[in-house]
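# Understanding the architecture of this molecule
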Amino acid sequence: MTRIPHYKEVILTSFDCDHCGSKNTGFQLGQVQDQGVRFEVSIQNQNDLSRQVVRSDHATVSVPEVQLEIPGNVEKGEVTTVEGILKRIVEGLNQDQATRRLEQPEVAEQIEDFIDKILGLLTLNENFTLIVDDPAGNSFVENLCAPQVDPQLKKKVYKRSPEQNAELGVSEQEDLENELNSLSEETEKKDEDSIEKTIGKKTSENKEGVPENVQDEVLVFSTLCDRCSRPTETNMKIIKIPYFKEVIIMAMHCEACGHRTNEVKSGTGVSDMGKRITLRLTDPSDLARDILKSETCELKIPDLDLHVGGGLIGGKFTTLEGLLNDIHEDLKTNPFLMGDSTEGDRKGLIYKLLEDLEMVIGGSLQVTFIMDDPAGNSYLQNIYAPDDDPEMTVEEYERTFEQNEDLGLNDMKTENYTDDSTANDISELS
């Protein structure tokens, strides 16, 4: 059992047969994430071949330059490198070549040519692109420039199609639609008298002490711990943040393994504009400011060359000190940054960054802290409110097409939901 930061605990497996020499490694990861993930990385040098890759059972791996594609649900998931993926493909293709040369010489020759193309990738005769597309959202490709942005690596989080949900056995959306349809039909059958009776019943319940507003309640629902998968409960509450908006806070404490999580969701959807908040830390008291970081918010500290992507530490409602401590802990315990396979120079940079973060948390180093949230759902406390904060600037900006695409807004329809094909069918019938 191994804990991978930004994922969860996984079971690593390794098999080695002394008799025939067969070897196999893999990993098991149970829970499907809310969204799929797609990594695209440009392989240009030997260091790129050593990038760590976490590939789940459902991930499709492809190299467009040689028309290579390994579909999902064919092999077990594994923790490997880019070089390891290509070598495994060569080993698999070579496995029955001797038999093919005797029985199907033409097929054997075609496979031999394809093997030569893959070996050419390993010798880096030319740059190539590796794509890992995982609808389950459990795959990962190492960022060699962490904690900064890797110019050769692109990550995209996307909403799964109904077909992908069906393949993964995820049917919550279907169940939700059925429930809404059932509720709609039930509501239509009610007459005015029954509705008035229902309202009267709710009113009498409220008089007995049940809160009239859901904001006054802490909602509790059953769930599974994302670390040990045992049944537990998650508490959820809607909170109004002064000078900001409503947010939904969810907290879980597993009594079986002691694991704790807290997560924050926006209660008002995506804002019309993106928001960028810049704070100059000039006093240790700034670390006590309340902070709300949404899942789409990127964090930057230019003085330390630190860049934390939106989905790395999820949504949080904490203090600035608490958030910096979370970033410090993630960097310190990340095996892809601090593991045995990490190069010495890179480790030195991470150690220096950890020391600088400790100085910032201790209040002895003044830096500039930036929150950039395209969804506009992040918040940093203004201790001078309702007056302006002299050390903090808040900018609103128009999102780019790419940012709207990442948020799923480009294809969203709020009017005229009927698609073109349905509209054509209706016109033909009329």
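Read on for an overview of the structure. The model shown is predicted, which means the values in this text are computed figures rather than measured ones.

## Regarding the overall build of the chain
Across its full length, the chain holds twelve helices and 23 strands. Residue burial in the chain is summarised as follows: out of 430 residues, 35% are buried. Counted over contacts in the chain with a minimum sequence separation of 6, partners at least 24 positions apart contribute 64%. For the chain, the exposed area adds up to about 26000 Å²; of that, 47% sits on carbon and sulfur atoms.

## A closer look at the environment of G258
Within the element layout of this structure, G258 appears in the loop between β14 (246-253) and β15 (260-266). With relative accessibility at 40%, the residue G258 sits in the partly exposed group. For the pair G258 and R227, spaced 31 residues apart in sequence, the C-alpha to C-alpha distance is 9.6 Å.

## Digging into the packing of aromatic side chains
Overall, the coordinates contain one aromatic pair when judged by the stated rule. Here the aromatic rings of F39 and F140 are separated by 6.3 Å at their centres, their planes lie at 75 degrees, and the arrangement is edge-to-face. Taken as a pair, F39 in strand β4 (residues 36-43) and F140 in strand β10 (residues 140-141) lie far apart in primary sequence, 101 residues in all. By relative accessible area, F39 is classed as buried at 4%. Cation over ring: R276 sits above Y397, and NZ or CZ is 4.5 Å from the ring centre.

## Some points on the sheet that holds strand β20 (residues 316-319)
Taking strand neighbours across the sheet as the criterion, the three strands line up as β20-β17-β22 in an open arrangement whose pairing is antiparallel. If you trace the sheet from one side to the other, it starts and ends with β20 and β22 (379-380), each paired once. Relative to β20, strand β17 (residues 290-293) runs antiparallel, the two sharing four bridges. Its bridge partner lying in β20, D290 is registered against T319. Sitting on the sheet, helix α8 (residues 320-333) touches β17 and β20, and the angle it makes with β20 is about 110 degrees.

## Description of the environment of T223
Structurally, T223 can be placed in strand β12 (residues 219-224). Linking T223 and C254, residues 31 residues apart in sequence, is a C-alpha distance of 10.0 Å. Every residue in contact with T223, bar those within four places of it in the chain, is listed here: R230, P231, T232, E233 and T234.

## With respect to unusual backbone geometry
Omega for the bond connecting A385 with P386 falls within 30 degrees of zero, at 5 degrees, which places this linkage in the cis form. Mapped onto the elements, P386 comes out in the loop between β22 and β23 (392-397). A positive phi is found at Q67, a non-glycine position, where the angle reads about 55 degrees. Positionally, Q67 belongs in the loop between β6 (60-63) and β7 (68-70). Unusually for a residue other than glycine, N73 sits at a positive phi of about 60 degrees. Along the polypeptide, N73 turns up in the loop between β7 and β8 (78-81). Residue N73 is classed as partly exposed on the basis of its relative accessible area, which comes to 48%.

## So, the nonpolar core
L86, F128, L130 and V132 are the most contacted members of the largest nonpolar core, which totals 29 residues. Residue assignment for this core shows that the elements contributing at least two residues are β4, β5 (52-55), β6, β7, α2 (82-94), α4 (105-122), β9 (128-134) and β10. Excluding its chain neighbours within four sequence positions, the residues that come into contact with L86 are L68, I118, L121, L122 and F128. Ranked by size, the runner-up nonpolar core spans 28 residues in total, among them L304, I350, L354 and M371.

## Let's talk about the sheet that holds strand β18 (residues 298-301)
Across the sheet, five strands lie side by side as β19-β18-β21-β16-β23; this open sheet has antiparallel pairing. Looking at strand neighbours, the two that pair on one side only are β19 (306-308) and β23, the edges of this open sheet. Direction aside, neighbouring strands of the sheet carry axes that sit 15 degrees apart on average. The pairing of strand β16 (residues 274-280) with β23 spans six bridges and is classified as antiparallel. Bridging from a neighbouring strand, R276 pairs with E395 of β23.

Definitions and limits used
- Residues numbered from 1 in each chain as written.
- Predicted model: local features only at pLDDT ≥ 70, side-chain atom pairs only at ≥ 80, totals over all residues.
- Heavy atoms only, no water.
- Helix = DSSP H or I, 4+ residues; strand = E, 2+ residues; numbered from the N terminus.
- Buried < 20%, exposed > 50% of the residue type's maximum accessible area, 1.4 Å probe, protein only.
- Contact = heavy atoms within 4.5 Å.
- Areas by Shrake-Rupley, 256 points an atom, 1.4 Å probe, with all protein chains shown as cover.
- Phe/Tyr/Trp six-rings, centres within 6.5 Å; stacked < 30°, edge-to-face > 60°.
- Lys NZ or Arg CZ within 6 Å of the ring centre and 35° of its normal.
- Pairing = 2+ DSSP bridges.
- Axes fitted to C-alpha atoms, helices over the stretch in contact; angles between N-to-C directions.
- Core = buried A, V, L, I, M, F, W, Y, C linked by side-chain atoms within 4.5 Å.

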